Every structure is written in structure tokens, then in C-alpha cells.
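Here's the letter readout for the chains.
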Amino acid sequence: MLYGVGLGPGDPELVTVKTARLIGEADVIAYHAARHGRSIARSIALPYMREGQIEELLRYPLTTETTDHPGGYQGALDDFYVECAARLAAHLDAGRMVVVLSEGDPLFYGSYMHMHKRLAHRYPTEVVPGVTSVSAASAVLGRPLVERDEVLTVLPGTLPGEVLAERLRTTDSAVVMKLGRTFTKVRDAFAEAGRLDDAWYVERATMGGQRVAPLKDVDPVGVPYFSLALLASPAERAFVPKAMPATAAGEVVVIGLGPAGRAWLTPEAQDALAAATDIVGYGPYVDRVEPNACQHRHRTDNRVEAERARHALELAASGRRVAVVSSGDPGVFAMASAVLEAAADFPDVPVRVVPGLTAAQAVAAKAGAPLGHDYCVISLSDILKPWEVVAERLSAAARADLVLAIYNPASRSRTWQLPAARDLLLKHRDPATPVIIGRAVGGPAESVTVTTLGELDPTLVDMRCLLIVGSSTTRVTPAGTVYTPRRYP
């Protein structure tokens, strides 16, 4: 018996009960793979396989590259399918139960169909359907594909751009499969059809590397084959009721995102972000929040804190649940104070603050424990306070022998402040005092450098850096770990 079984979009828990049973009962498990031999289908089915089964790896001779086969690309594939069918037929002739794995649904752009066309008329055959990537993408977006009398059009990204644009222009909802190298052409077709602003990008739906983003914001570099573009049902926007009456007050939650990605985000912050109807914040911070098609995103410039806070409160006053996002902790040189200050004009709007890991904590942890004793936190920015105040506080902290965590040490327009701060500190500190420069901690470009106050090079410091200047008791181990003892002499 020959079975073509659908494994669903990638999550092994989305394999149907019947497919799981057949995989476990099979004598032969067959699956396709590119020339590297790694099969996503096999990885999905692995929890249901058992020892002793015969595995047939059906390795494609080529994927997108050229070939010198007399029949060209299609001729090479046709010969490959004939060979694969012959290998499976040998097992079927021997009386074995053969299960051919197929990601998604076997007869929806599936590799299995090429075996089906060559073997189903010769042997007893059954096809077991699976959840398609189209359904998975709609589910992870939380948006319906079609409603009432709407038309859904499924298109391969390999079509000519003008054909894609025409089809997108005349349908209600659409899914464009097989992105990868076709991505730029597909995105241009959405733009030509006037549908780009409504389109979403879904990559590896339900799998470990799942990614969701507005199609217009996706960088073409690195877009994989296992991705698609989706236009959801237009009725979704027309008929979804408001979450709250327009007259009811919502709330503002000021959320700390931590210093970098999701790993630094607290569970409380994750829950608050998921419950929000609107995300408000400085553009790069908003971009760090995983897109949700049910949310509205409001990206603003970095120097409009007061306007941003008022906008968030106005949204909440109209019944929205608003998340104002900040890097690190929102109460440390961030948006919490700006929102609370503006909230005086919105007495009926509740405001709460959800803490986050600070940049000082992140850099300190990467270096060791330099904040192990008393320390202070200070910003070198003189945009919101006079430099005279900054200088006075630096000198006072240095005289008090406090460890300093220095935020906003430099920027393209503020280049003299850090050398001036270093000179002030050297009036009270030994030049051998340890200094830690933490840059982009938690991200792919992270670096942590340990130097001394006397050798600190301000040209190595920018706005993505945080400095920690040790006290007289701060130590550096031979391994380069920095710590400040809890006991003070």
C-alpha cells in the first residue's frame, strides 16, 4: 500500500492523528530533500518514526541551478521522478507499506504528487491531507483568509510580475507562495496592484524560526523558500467590533523591552505587549516588538517624548489598550516619567509601568559584577539638563567613590562630553581605575571591552554604548572579569 501523508506546516503537533499512526506502522519512510540531504519533512515526522524502518532519501539532483541535461531543467527532474518511483515500486512489489512524507498537504504544491502520478494507477494508494502553510499563516497572523462570498487566490511567486499584479488587483484575498528569490518581484507586484500596505509576510509558520512582518518592511536578503505573502480577508477590517466602547477609557502600559531581543523580555512585559491594541514608541524600539496583525503600530522620532506620551494617552482615552515601549527599563532615562507627567491632563486614564532589565545590569552581568557595591547612574546627555549640572554630579560621585554607570556617553552631535567627563573623574580617581565599555549588549554586534580610566579612548564610544567606571575597590581578575567587593575597607 502506498500512502502520501501531509505533515502540516512544521509544528509536529499539527500532524494529524492518522498521519502519525501511518508513520509508525510503515515499513518504508520516503522523503524528499535538496542536495544537502537534510529533510524538513523527516524532522517533522521523527517523533512518530520507530527503529528498524527503511528510509528512502529522495535527493533532488538540482533545485534552482542550471543543468547540462539534454532535456534541460524539467528533463532532469522528470528522470529523477522516474528513478524515485522505481525505487518505491520495488518496495511495493515486495509487499511493503510505503509512506511518502510531504510537508503541508501532499497535493498542494507537494513533492509527493510526482510519485502519485506515477504509482497510484499501479498500486493501492491513499492520500492523507495535512494543514497547509496557507492555513498556518492565517492562523499565526490571527486574520481570516476569506469570509462570506469573498474569493481567495493562491499564486506561485514564479509567475511573471505583471501577471501577479493583475491577479492581486482583482481578488479579495490572496496568498503568494514560493518566495525566496522571487521576493522582490512579488513585493513590486503588490505595490503595482495597490495592495502592499495590506500585505503580510510569514516565514516558517509554526516552526522554530517563525517570523511575521508587514511585507513592505521585509529585507529581501535572506528570504527563504519557506515563506509566503498574504492578503487577509478585507471583511476582517469591516466587521471586527471594537474591543471597548469608544467612550470607555483604556489604559497605558509603559513597558521595558530590556537591552536587546526577546530573551531579555520579562514574562510580564510579554503579556502586556500581547494584550495591547496599539504599540507606541521610538521607531527602532517598536520594530523590536514582534508584529501582530491585530495591533496598530505608531513609530515616532527619538526627540518627541512629550508628544509621544500625549498621543498614547489620547489613544487610551478613546478606549485603546496602549503599550508605550522603551529600551531597557522605562523608568531609567526613558518614557515612564514622560507619560506620568502628561497623565496629569488625563485623570481617567490608568497608567502602569512594567519594568525591564536595564542596560547597566546587562553590561555589568557580561563583565562580571562591577555593580556589587554602591553605585550611581548618570546620563552624559546635556540636552535636557545643563552640562554644569552633569559636571557637578560627576565630581560628587567621583569624590564619594561610587561606581558610575554612564548612559548616553556620546553621539554624532555630542563628542566633547565624554573626554570632559573623563578629565573630571581623573581629578578624583586613579588612572588605573577599571572601565567597562559595553556596546549593543544582547545583540549580534555585542562587544564588551575592559580598559582603564587613564587609557579610555572616547573615539571608541558611541550612543549604543554604556560605560561603567569602577570605584577604588573595583578589581579585574587575570581572566578579565570585573567585580566590586561588597565589603568596603
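Residues numbered from 1 in each chain as written. Predicted model: local features only at pLDDT ≥ 70, side-chain atom pairs only at ≥ 80, totals over all residues. Heavy atoms only, no water.

J.: Explain the sheet that holds strand β20 (residues 447-452) to me, please; I cannot follow it from the model alone.
T.: In a beta sheet, neighbouring strands are held together by backbone hydrogen bonds and run either parallel or antiparallel to one another. If you trace the five strands from one edge of the open sheet to the other, you get β17-β18-β21-β19-β20, paired in mixed fashion. Each edge of the sheet is formed by a strand with only one pairing partner; in this case those strands are β17 (375-379) and β20. The average undirected angle you get between the axes of adjacent strands in this sheet is 20 degrees. Relative to strand β21 (residues 465-469), strand β18 (residues 403-407) runs antiparallel, the two being bridged by three bridges. Note on β21: the bridge partner recorded for Leu404 is Val469. Contacting β18, β19 (434-439), β20 and β21, helix α13 (residues 359-367) runs over the sheet at an angle of about 65 degrees to β21. (Pairing = 2+ DSSP bridges. Helix = DSSP H or I, 4+ residues; strand = E, 2+ residues; numbered from the N terminus. Axes fitted to C-alpha atoms, helices over the stretch in contact; angles between N-to-C directions. Contact = heavy atoms within 4.5 Å.)

J.: What exactly am I supposed to notice about the sheet that holds strand β3 (residues 54-59) here?
T.: Within the open sheet, the five strands sit side by side as β3-β2-β4-β1-β5. Their pairing is parallel. Two strands bound the open sheet, and with one partner strand each, they are β3 and β5 (125-128). When the angles between neighbouring strand axes are averaged without regard to direction, this sheet yields 20 degrees. Two elements, strand β2 (residues 28-33) and β3, share six bridges in a ladder whose sense is parallel. Note on β3: the bridge partner recorded for Val28 is Ile54. Where helix α4 (residues 112-119) meets the sheet, its contacts fall on β1 (2-6), β2, β4 (98-102) and β5, and the angle it forms with β5 comes to roughly 160 degrees.

J.: Where do I start with the pattern of salt bridges in this structure?
T.: Pairing is possible between side chains that carry opposite charge, provided their charged atoms lie close to one another. Within this structure, the stated rule accounts for 20 salt bridges. Between Glu25 and Arg21 there is a salt bridge, with its nearest N and O atoms 3.2 Å apart. Of this pair, Glu25 and Arg21 both sit in helix α1 (residues 17-25), four residues apart, roughly one helical turn. Asp401 is paired through a salt bridge with Arg429; the nearest N and O atoms lie 3.8 Å apart. Linking Asp401 in the loop between α14 (387-399) and β18 with Arg429 in the loop between α15 (417-426) and β19, this pair joins segments that are 28 residues apart in sequence. The class of Arg429 is buried, set by a relative accessible area of 5%. One continuous salt-bridge network, built from bridges that share partners, spans Glu56, Glu83 and Arg87. (Salt bridge = Lys/Arg side-chain N within 4 Å of Asp/Glu carboxyl O. Buried < 20%, exposed > 50% of the residue type's maximum accessible area, 1.4 Å probe, protein only.)

J.: Even after reading the chapter, I still don't get the nonpolar core, so can you show me in this structure?
T.: Nonpolar side chains tend to gather and get buried jointly when the protein is soluble and globular. With 24 residues, the main nonpolar core has Leu380, Leu394, Leu404 and Leu467 as its most contacted residues. Broken down by secondary-structure element, the contributors of at least two residues to this core are β17, α14, β18, α15, β19 and β21. By residue number, the principal contributor to this core is α14, which donates six residues. (Core = buried A, V, L, I, M, F, W, Y, C linked by side-chain atoms within 4.5 Å.)

J.: I keep staring at unusual backbone geometry and nothing clicks. Help me out?
T.: With the exception of glycine, the majority of residues adopt a negative phi angle, and the majority of peptide bonds are in the trans configuration. We note that Asp401 has phi near 60 degrees; this positive angle belongs to a residue other than glycine. In this structure Asp401 comes out as buried when scored by relative accessible area, which is 13%. Not every positive phi belongs to a glycine, and Ala440 is a case in point at roughly 50 degrees. Note that Ala440 resides in the loop between β19 and β20. With a relative accessible area of 10%, Ala440 lands in the buried category.

J.: Can you walk me through the packing of aromatic side chains in this structure?
T.: Each aromatic ring pair is specified by the distance between its two centres and by the angle formed by the two planes. Taken as a whole and judged by the stated rule, the model has nine aromatic pairs. Arranged with centres 4.9 Å apart and planes meeting at 40 degrees, the rings of Tyr60 and Phe80 form a pair that is tilted. With Tyr60 in the loop between β3 and α3 (72-93) and Phe80 in helix α3, the pair connects residues that are 20 residues apart, well separated along the chain. Pairing Phe80 with Tyr81 gives two aromatic rings, centres 5.5 Å apart and planes at 50 degrees, and the pair type is tilted. (Phe/Tyr/Trp six-rings, centres within 6.5 Å; stacked < 30°, edge-to-face > 60°.)

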